[in-house]
Amino acid sequence: MNSVIIGAMLALSMGQQTDTTFAVGSSELLRVETMGGSITVGVWDRDEVRVQAEHSRRTYISIDRSRHSIRVESEARRGPANLVDFRITVPRTFALDLEAQYGDITIDGAEGAIEVETLQGDVSIIGGRGTIRVSATMGTILIDGAEGQIDIESSMADIRVVNSSGEIYAETAAGTIVLENVTPTAVDVGSTGGRVYYSGTFEPNGTYFFGAHGGSITIVVPDDASAVFNLATVHGSISSNLSGEVESFRGGRRHEFEIGGGSALIEAETYGGRIRILRRGSEGSSAPTQRRRGVRQRDDMAHFDLDDKHDFDFDFDFDLDFDFGATLETAACNYSSVPLVY
Amino acid sequence: MTEHVSMARMNDALDALLTAAETDALESHILRCSVCRDDYARLSETVTALRGLARSATVPDEAWAGIAARIGTEGRAKTGAADADVVLRLPTGMAPPRSRRLFFSVPQLAAAAVVVSMLSAGTVWMALGAPAGADFPAAEVALEPLGGAAARAVSTRGARYVEVVVELEQILEEGRAVLAPETLVTIEESLTILEAAIEEIRSALARDPNSDLLLRMLANQERTKLGVLRRAVAAVQAQI
């Protein structure tokens, strides 16, 4: 592979800013790799790439252009590069491959494939076509307006996918998964310690799987849905208000029912969490608000101090998920279905 | 008692970032102080050795396909060759993420060296190169997926899965020192949650070993655990 080094050792000794623009030629892919610092990618309708970066004097920006890709990295003369904040503008249809170990990654307006990896940082993607892959350990992940195969894996990150279509795969060990206003043909999502929420369409012959261990699963169903529901929980509970009345099912066995001709397949499984099937617009069907998540705190009553020093040390982490029964008056005014009540 | 030279200053010296006067002062101190002389010698030797390593090592694209064929894995389609690329970098000391000052200490370099040797094991390359969502082996319990859910897992309790998990856990243990504290806490919390879930399911399976629901849940949680370990080891690898 022939490569041409462009702009290597830019701004080595003069300052802490890099700003260079160059023609893309035959390149179609941007790769950016940085240990620490943010990566922000925007788009334009020019056949050029602009690389802006803020960094220390020990760090330089290496731009390596091969036939099909442009690789941007932070380097140091010796040892690791220090923090670099990148702001890069690329042609709208460029594919993106971004990696920041410690830093946020933001993409706005992309219309190509996207692959993002971060260890500790927030990911925000507006756009994306084809394949959109995100791998993150902690932080929040937001994908808005993507079309294609969306594949997200994380350890602790909260995941939110909105206004998107295609196929959605997501898993997180302890984060929350929210899919809102989506129109996918396939869904396969699961959270071990967090909640799962879905409010979107169910396409004919589509397949939708939702899994949780201790957290709850909430599936909001539009009035025109046609689907078979296959629900199971070991020690949790299952309830549905689709029929107009609240129906509850015991745990420990699988429950199956059909609505609207049974075209799509919807499966939900929990070990100990609740499964709620709610008619769109009914009580409790709104998406949970996104909360900022840092390091989870534990409820640690072992630090309770009974001496006179009053140097208590409480760490609480509440995950409240209430279902308030609406009053009859409220229901009559606002909803056509009986609200879900526990 | 004479104050010792800081690790940061030694690193600056090795990176030729000291002024002539600062260099003279450091060299003068090292001549008099055996502790600093030994530390500087070890740091210099390690840095020299690490700088001699190849800056990148790439798993051949066909490696995963060959391994998958042997263990009979299935999974979602990979999206690009980037998954197979593994880049080894020089180690770095872990300052808080927002600091712009990065340096490495001798103990961290030692930990990095151990991790480098462990990463060369074929099994771990396989795990690091695995496509997202790939199902890991075992044919001991064949599980027919229900309905049309894509890539529903077969049992992950095969020997190969256990081997990979053990190796990844060992690498993570060896590489703990190079990870930032918040990162380590997050990884450990995630693993704690997953292991508690796995244990609950296993207990339930002991009472109902033929439950397809429990078997599928177990496979899903083990797959998620493998993903957490993979990302954790990749994080360790990225620091060295």
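Computed from a prediction, not measured in an experiment: that's the story for all the values here.

### Topic: the overall build of chain A
Tallying secondary structure elements over chain A gives 1 helix and 27 strands in all. By the burial criterion, 49% of the 342 residues in chain A qualify as buried. Considering only contacts within chain A whose residues lie at least 6 apart along the sequence, 47% involve residues at least 24 apart.

### Comments concerning the overall build of chain B
Scanning chain B for helices and strands turns up 9 helices and 2 strands. Walking chain B from its N terminus toward its C terminus, one meets helices and strands in the order α-α-α-β-α-β-α-α-α-α-α. Expressed as a percentage of its 240 residues, the buried residues of chain B come to 36%. Partitioning the contacts of chain B with sequence separation of at least 6, the portion at a separation of at least 24 is 73%.

### Re the pairing of strand β21 (residues 217-221) of chain A
All names here are of chain A. Counted residue by residue, β21 has 5 buried out of 5 residues, so it is predominantly covered. Residues I217, I219 and V221 line one face of β21 and the alternating positions T218 and V220 line the opposite face, and both faces are buried. Here β21 runs beside strand β27 (residues 275-279); their pairing, made up of 5 bridges, is parallel. Paired with V220 across the bridge in β27 is L278.

### Observations regarding the confidence of the model for chain B
Residues shown with low pLDDT carry predicted positions that ought not to be read at fine detail. Residue and element names in this part refer to chain B. When pLDDT is averaged along chain B, the result is 67, and 54% of the positions lie at 70 or above. Mean pLDDT across the secondary structure elements of chain B bottoms out at strand β2 (residues 85-86), with 28, and peaks at helix α8 (residues 181-207), with 94. Note that pLDDT drops below 50 for residues 130-156; the model gives that stretch 87 contacts with residues more than four away or on any other chain. The complex model carries a pTM of 0.69, and its ipTM stands at 0.77.

### Structural notes on the environment of A:G109
Residue and element names in this part refer to chain A. Structurally, G109 is set in strand β10 (residues 105-110). Judged by local crowding, G109 falls into the partly exposed class, with 15 C-beta atoms found within 10 Å. Not counting residues within four places of it along the chain, the set of residues in contact with G109 comprises G42, V43, R92, I126 and G127.

### Considering the pairing of strand β22 (residues 227-233) of chain A
All names here are of chain A. In terms of burial, β22 is a largely internal element, 5 of the 7 residues being buried. Relative to strand β26 (residues 264-270), β22 runs parallel, the two sharing 7 bridges. From the neighbouring strand, T233 faces β26, where its bridge partner is T270.

### Considerations on the packing of helix α7 (residues 159-174) of chain B against helix α9 (residues 212-239) of chain B
All names here are of chain B. One way to put it is that α7 packs onto α9 with a least axis distance of 9 Å and a crossing angle of 35°. Between α7 and α9 the crossing geometry is left-handed. Between α7, through Y161, V165, L168, E169, I171 and L172, and α9, the contact on the second element is made entirely by E222, L226, L229, R230, A232, V233 and V236. Looking at the contact of α7 with α9 residue by residue, the classes come out as 10 nonpolar, no polar and 3 charged.

### What about the packing of α8(B) against α9(B)?
Residue and element names in this part refer to chain B. Direction vectors running N to C along α8 and α9 enclose 160°, while the axes themselves pass 9 Å from each other. Relative to α9, α8 is oriented roughly antiparallel. Relative to α9, α8 is oriented so that their crossing is left-handed. Packed against α8, whose contacting residues are T183, I187, S190, L191, L194, A197, I198, I201, R202, A204 and L205, the element α9 presents L214, M217, L218, Q221, E222, T224, K225, V228, A232 and A235 at the interface. The residue makeup of the contact of α8 with α9, split by class, is 14 nonpolar, 4 polar and 3 charged.

### A short note on unusual backbone geometry
Residues and elements named next belong to chain A. Phi at N163 is positive, roughly 50°, even though this residue is not glycine. What makes N163 partly exposed here is the crowd of 15 C-beta atoms within 10 Å. A positive phi is found at N205, a non-glycine position, where the angle reads about 65°. For N205, the location among the structural elements is in the loop between β19 (196-200) and β20 (207-212).

### Quick word on the environment of B:A235
Structurally, B:A235 is set in helix α9. A tally of 25 C-beta atoms within 10 Å means that B:A235 is categorised as buried. Beyond its immediate chain neighbours, meaning those up to four positions away, B:A235 contacts A:Q101, A:L119, A:T137, B:L179 and B:T183.

### Regarding helix α2 (residues 20-32) of chain B
Since the α-helix advances by 3.6 residues per turn, residues separated by three or four positions end up pointing in the same direction. Between its first and last C-alpha atoms α2(B) spans 19 Å; for 13 residues at 1.5 Å apiece the expected length is 18 Å, and the two agree. Of all 13 residues that make up α2(B), 0 are buried, and the element is exposed over most of its length.

### Here we look at α9(B)
Between the first and last C-alpha of α9(B) there are 41 Å, a value that for 28 residues agrees with the 40 Å anticipated at 1.5 Å per step. Among the 28 residues that make up α9(B), 25 are buried, leaving the element largely enclosed by the rest of the structure.

### What about the confidence of the model for chain A?
Residues and elements named next belong to chain A. Counting all residues, the mean pLDDT for chain A is 82, and 79% of those residues have values of 70 or more. When mean pLDDT is taken per element in chain A, β19 scores highest with 98 and helix α1 (residues 328-334) scores lowest with 39. In the model, residues 1-5 has pLDDT below 50 throughout and makes 6 contacts with residues more than four positions away in sequence or in other chains. Confidence drops under pLDDT 50 across residues 293-342; counting only partners more than four residues distant or on other chains, this segment forms 56 contacts.

### Here we look at the environment of B:R223
Structurally, B:R223 is set in helix α9. As for B:R223 and B:Y161, which are separated by 62 residues in sequence, their C-alpha atoms are 9.4 Å apart.

What counts as what
- Residues numbered from 1 in each chain as written.
- Chains lettered and ligands numbered in written order.
- Predicted model: local features only at pLDDT ≥ 70, side-chain atom pairs only at ≥ 80, totals over all residues.
- Helix = DSSP H or I, 4+ residues; strand = E, 2+ residues; numbered from the N terminus.
- Buried ≥ 20, exposed ≤ 12 C-beta atoms within 10 Å, placed from the backbone.
- Contact = placed C-beta atoms within 7 Å.
- Pairing = 2+ DSSP bridges.
- pLDDT = per-residue confidence, 0-100.
- Axes fitted to C-alpha atoms, helices over the stretch in contact; angles between N-to-C directions.
- Left-handed = near helix turned anticlockwise from the far one by under 90°.
- Nonpolar A, V, L, I, M, F, W, Y, C, P; charged D, E, K, R; others polar.
- Parallel < 35°, antiparallel > 145°, perpendicular 65-115°, else oblique.
- Expected span 1.5 Å × (residues − 1).

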